[in-house]
Amino acid sequence: MTKIQPKLILHGGASSLDDKGGLENVRQSLHSIVSQVYQLLENGGTAVDAVVLGCQLLEDEPRFNAGTGSVLQSDGQLRMSASLMDGIKQNFSGVINVSRVKNPIELAKFLQTQSDRILSDLGSAELARELQIPIYDPLTEFRALEWIEEWKGNFQSKMGRLIAQPSPEAGRGTIGVVTLDSQGNIAAGTSTGGKGLERIGRVSDSAMPAGNYATSNAGVSCTGIGEDIINECLAARIVIRVGDGMDLPHAMEKSMAESQKNQRDLGAIALDQTGVITWGKTCEIILAGYHNGSTIGDTLEWDPSQLMGYCS
Ligand code: GLY
């Protein structure tokens, strides 16, 4: 079998660079993680293993809203969601609203081989206990102080975060990774702390095929307001368009144009089996980095007026 050039794109959400330490710090984080994950792919690692490694590294980076550094919900608690999809097996697994673990993507990985593959809060906690995953508190000082500020203001000052206005941060934090390995397999993974200040029990798109989807044709990970992503069924919509014969850049462009028309607030990263990498967004910025087989690039200074971009 001809060896395929591995490819990779990952994101750290769609919110402002300022509260994440500024352009150079975000660039350094993204490029370093791209480089570590690409090394695994170059050494023959599978698309699924590369996605899991990428998600773990992004979950461990406190500047992004997933794993360590996740935002707090309306009751001051932290609940995380993550999912993993193996494109060749077309197998989706995930956890919804899990607490007190370091890497929710690890649980999604374990669930890939199980007959029950998507677990909510109680089931996820039971699974973590069964697997003897050490108890871990992902709360950071920044997130605790952010919530206390909200509490002091009786949740009035930035309640707009829930509806994406007026704060540019506006609950668009998520991380995600999409990979193509040297065997031509595609995988996608997405992980989040949610949109911040949400109701107890709210379910994120990140553990649904709306926010994370892959087949043997293409893979997509989304970021943005979960409800908007679910309304568009965005990840599955882009992937299915590719499966139906549309090329990935057009599938991304058409899906973003529809999302914009419907006034959705979202972004997505994707790649296909031919190695084309794309990204798109209706919001101002998407914090993505990629490896196209020869160089590392990113979308951090990409023209904010453009709905989508791509490279191969
Ligand atoms: N896209 C992440 C969330 O809304 O939960």
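Report on the accompanying structure.

The rules behind each value
- Residues numbered from 1 in each chain as written.
- Predicted model: local features only at pLDDT ≥ 70, side-chain atom pairs only at ≥ 80, totals over all residues.
- Heavy atoms only, no water.
- Salt bridge = Lys/Arg side-chain N within 4 Å of Asp/Glu carboxyl O.
- Helix = DSSP H or I, 4+ residues; strand = E, 2+ residues; numbered from the N terminus.
- Buried < 20%, exposed > 50% of the residue type's maximum accessible area, 1.4 Å probe, protein only.

## Side note on the pattern of salt bridges
Then, in step 1: In total, this model carries 19 salt bridges according to the counting rule given.
Then, in step 2: Across the salt bridge formed by Arg 237 and Glu 258, the nearest N and O atoms sit 2.5 Å from each other. Taken together, the positions of Arg 237 in helix H7 (residues 234–243) and Glu 258 in helix H8 (residues 248–261) put the pair 21 residues apart, joining distant regions of the chain.
Then, in step 3: Taking the relative accessible area as the measure of exposure, Glu 258 reaches 21% and is therefore partly exposed.
Then, in step 4: Several salt bridges share partner residues, and in doing so they unite Glu 232, Arg 237, Arg 241, Lys 254, Glu 258 and Arg 264 into one network.

## Considerations on unusual backbone geometry
Then, in step 1: Look at Gln 90: it is not a glycine, yet its phi comes out positive at around 50°.
Then, in step 2: By the secondary structure assignment, Gln 90 is in the loop between strand E2 (80–86) and strand E3 (91–98).
Then, in step 3: Residue classification places Gln 90 among the partly exposed positions, given a relative accessible area of 46%.
Then, in step 4: Despite not being glycine, Gln 132 shows a phi value in the positive range, around 55°.
Then, in step 5: With respect to the helices and strands, the residue Gln 132 is situated in the loop between helix H4 (121–130) and helix H5 (141–152).

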